[in-house]
Amino acid sequence: MPPVPRMWTFGGSISGIGPHRLDYTLYPDSGKKLTIEQLLARIPEARELAELSGEDVLQVGSPSIGPAEWLQILDRIEATPAAIVITHGTATLEETAYFLHLTVKSPRPVVLTGAMRPPSAVGTDADLNLLDAIRLAASPEAADRGVLAILNNEIQSARDVTKSNAFRVDTFHSRDFGVLGYVDSDARVLFYRNVTRPHTTATPFDVRGRKDLPRVDIVHAYAGADGMLVDALTERRPAGMVLVGFGGGSYPAAFLDAGKRAVKAGIPVVLATRSWNGRVVITPKKEADGFIVCDDLMPQKARILLMLALTVTRERAAIQKMFYEY
């Protein structure tokens, strides 16, 4: 039998209990959750795949999970020699996954999964997603690929995956690049491409034992935006900020001017885009103004990389290199 995957629950829809079988929206308000043992009891087939050991770590919605919880999860992973399966709410699953993708110092599989429909509802995806996550974590081929997410049978890299739909079960996508593979209908774990950007043991981000991370905030531009929000944030002196603009990196003039004032105040500023696909590219003018560009990272992931970069350096060129590398 394969090595014992360690399973941790962090709440979310995958463990939610609604008031009736046709409820897909009210269950977060009930506060009722299935334990890890109750989740596993729904899929007895999992016991045929591996010896399983689990723990209920947090029972909260994923909007309540952030940097403090990420650091706790990381310390738990580092103290555990086994492959890891984490059940997590889908709202911030991609952020937890990317943080771990950059910080876990081990090649062993770390797999996150969730659900879009609670186990109490007709048509729930909770059972199969959890079963597939166990299959994936128990597979030797999952090792040394960074942190993985699996929902809807699709294996995706933590770097690229993002939530695209509020309710549909096929919500998670990797935008330009697509899935890494599948846990398919015949129960086989199949990889068709690999992660090429460095991750886990190949990054300089060692935050084990830390209690907090540098504060980085995000400000979105919109048609007619001025510099008020950016200036207000600059006055609060965050460690860094991400400014989200249009297309490949355009902004209302007043908004961008406020970003320049933040840079002059000594705050590292990363430029990102609200566009679903594509990169933000550097120009001589942006470079002269001291900005950093996010490459193709979604704004919420650019924030995570900047937080981690600031644990290593505050030098603009070094941080820019990290965005091109990771």
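Everything here concerns the structure above.
Values in this document were obtained by computation on a predicted structure and should not be read as measured data. (Residues numbered from 1 in each chain as written. Predicted model: local features only at pLDDT ≥ 70, side-chain atom pairs only at ≥ 80, totals over all residues. Heavy atoms only, no water.)

Asker: Would you mind showing me how to read the overall build of the chain here?
Answerer: Helix and strand counts for the chain stand at ten helices and 14 strands. In terms of overall dimensions, the chain has C-alpha extents of about 60 × 40 × 35 Å along its principal axes. Considering the chain as a whole, with its 326 residues, one finds that 55% of them fall into the buried category. Restricting to contacts in the chain with at least 6 residues of sequence separation, those with at least 24 account for 73%. For the chain, the computed accessible surface area is about 13,500 Å², with 52% contributed by carbon and sulfur atoms. (Helix = DSSP H or I, 4+ residues; strand = E, 2+ residues; numbered from the N terminus. Buried < 20%, exposed > 50% of the residue type's maximum accessible area, 1.4 Å probe, protein only. Contact = heavy atoms within 4.5 Å. Areas by Shrake-Rupley, 256 points an atom, 1.4 Å probe, with all protein chains shown as cover.)

Asker: Even after reading the chapter, I still don't get the sheet that holds strand S4 (residues 110-113), so can you show me in this structure?
Answerer: Across a sheet, paired strands are connected by hydrogen bonds in the backbone, their directions being either parallel or antiparallel. Spatial ordering of the open sheet is given by S2-S1-S3-S4-S5-S6-S9-S10, a layout of eight strands whose pairing is mixed. Each end of this open sheet is capped by a strand with a single partner; those strands are strand S2 (53-58) and strand S10 (189-191). Averaged over neighbouring strand pairs, the angle between their axes works out to 25 degrees when direction is ignored. Here strand S1 (residues 6-10) runs beside strand S3 (residues 84-88); their pairing, made up of five bridges, is parallel. Bridge pairing in S3 links Thr-9 to Thr-87. Where helix H3 (residues 67-78) meets the sheet, it contacts S1, S2, S3 and S4, and its direction lies at approximately 170 degrees from that of S1. (Pairing = 2+ DSSP bridges. Axes fitted to C-alpha atoms, helices over the stretch in contact; angles between N-to-C directions.)

Asker: Help me understand the packing of helix H9 (residues 299-309) against helix H10 (residues 316-325) in this model?
Answerer: Each pair of packed helices gets described by two things: the angle between the helix axes and the distance between those axes. At a minimum axis separation of 10 Å, H9 and H10 run at an interaxial angle of 135 degrees. On the basis of the axis angle, H9 is oblique to H10. By crossing handedness, the relation of H9 to H10 is classed as right-handed. Residues Ala-302, Leu-305, Leu-306 and Ala-309 of H9 touch H10, and the partners they reach there are Ile-319, Met-322 and Phe-323. (Parallel < 35°, antiparallel > 145°, perpendicular 65-115°, else oblique. Left-handed = near helix turned anticlockwise from the far one by under 90°.)

Asker: Hey, could you run me through the pairing of strand S12 (residues 240-245) in this one?
Answerer: Working note: regular strand, side chains alternate between the two faces of the sheet. When you tally the buried positions in S12, you get six out of six residues, the bulk of the element. The alternating pattern of S12 places Gly-240, Val-242 and Val-244 and Met-241, Leu-243 and Gly-245 on opposite faces, both of which are buried. Of the pairings in the sheet, the one linking strand S11 (residues 216-220) to S12 comprises five bridges and is parallel in character. By the bridge assignment for S12, His-220 is matched with Val-244. Crossover handedness for the path S11 to helix H6 (residues 228-236) to S12: right-handed. For S12 and strand S13 (residues 269-273), the ladder comprises five bridges, and the chain directions are parallel. Paired with Leu-243 across the two strands is Leu-271, which belongs to S13. Crossover connection from S12 via helix H7 (residues 253-264) to parallel S13: handedness right-handed. (Right-handed = clockwise from strand over helix to strand, strands pointing away.)

Asker: Hey, could you run me through the packing of H3 against helix H4 (residues 93-103) in this one?
Answerer: Orientation of H3 relative to H4, taken along the N-to-C sense of each, is 50 degrees, at an axis distance of 10 Å. As summarised for this structure, H3 and H4 are arranged oblique, according to the angle between their axes. Like other packed secondary-structure pairs, H3 and H4 cross with a definite hand, here right-handed. Where H3 approaches H4, its residues Trp-70, Leu-71, Ile-73, Leu-74, Ile-77 and Glu-78 are matched on the opposing element by Glu-95, Thr-96, Phe-99, Leu-100 and Thr-103.

Asker: How should the sheet that holds S11 be read in this particular structure?
Answerer: Strand order in the open sheet made by the four strands is S11-S12-S13-S14, with parallel pairing throughout. Looking at which strands have only one partner, the edges of the open sheet turn out to be S11 and strand S14 (292-293).

Asker: Looking at this structure, how should I read the packing of aromatic side chains?
Answerer: One pair of aromatic rings is described through two measures. These are the centre distance and the angle between the planes. Scanning all chains against the criterion turns up four aromatic pairs. Pairing Trp-70 with Phe-99 gives two aromatic rings, centres 5.4 Å apart and planes at 25 degrees, and the pair type is stacked. Taken together, the residues Trp-70 in helix H3 and Phe-99 in helix H4 connect sequence positions 29 residues apart. Ring geometry for Tyr-251 versus Phe-255: centroids 5.8 Å apart, planes at 5 degrees, classification stacked. In this pair, the class of Tyr-251 matches that of Phe-255, namely buried. (Phe/Tyr/Trp six-rings, centres within 6.5 Å; stacked < 30°, edge-to-face > 60°.)

Asker: Can you help me understand the nonpolar core in this one?
Answerer: A general tendency of soluble globular proteins is for nonpolar side chains to be buried together. Formed by 69 residues in total, the largest nonpolar core has its most connected members in Ile-77, Ile-86, Phe-99, Leu-100, Leu-243 and Phe-323. Sort the elements by how many residues they give to this core and H9 lands first, with seven residues. If sequence neighbours within four positions are ignored, Leu-100 has contacts with Trp-70, Ile-73, Leu-74, Ile-77, Ile-86, Leu-112, Val-147 and Thr-200. Judged by nonpolar contacts, the second largest core, of 31 residues, contains Leu-39, Leu-52, Leu-180 and Val-195. (Core = buried A, V, L, I, M, F, W, Y, C linked by side-chain atoms within 4.5 Å.)

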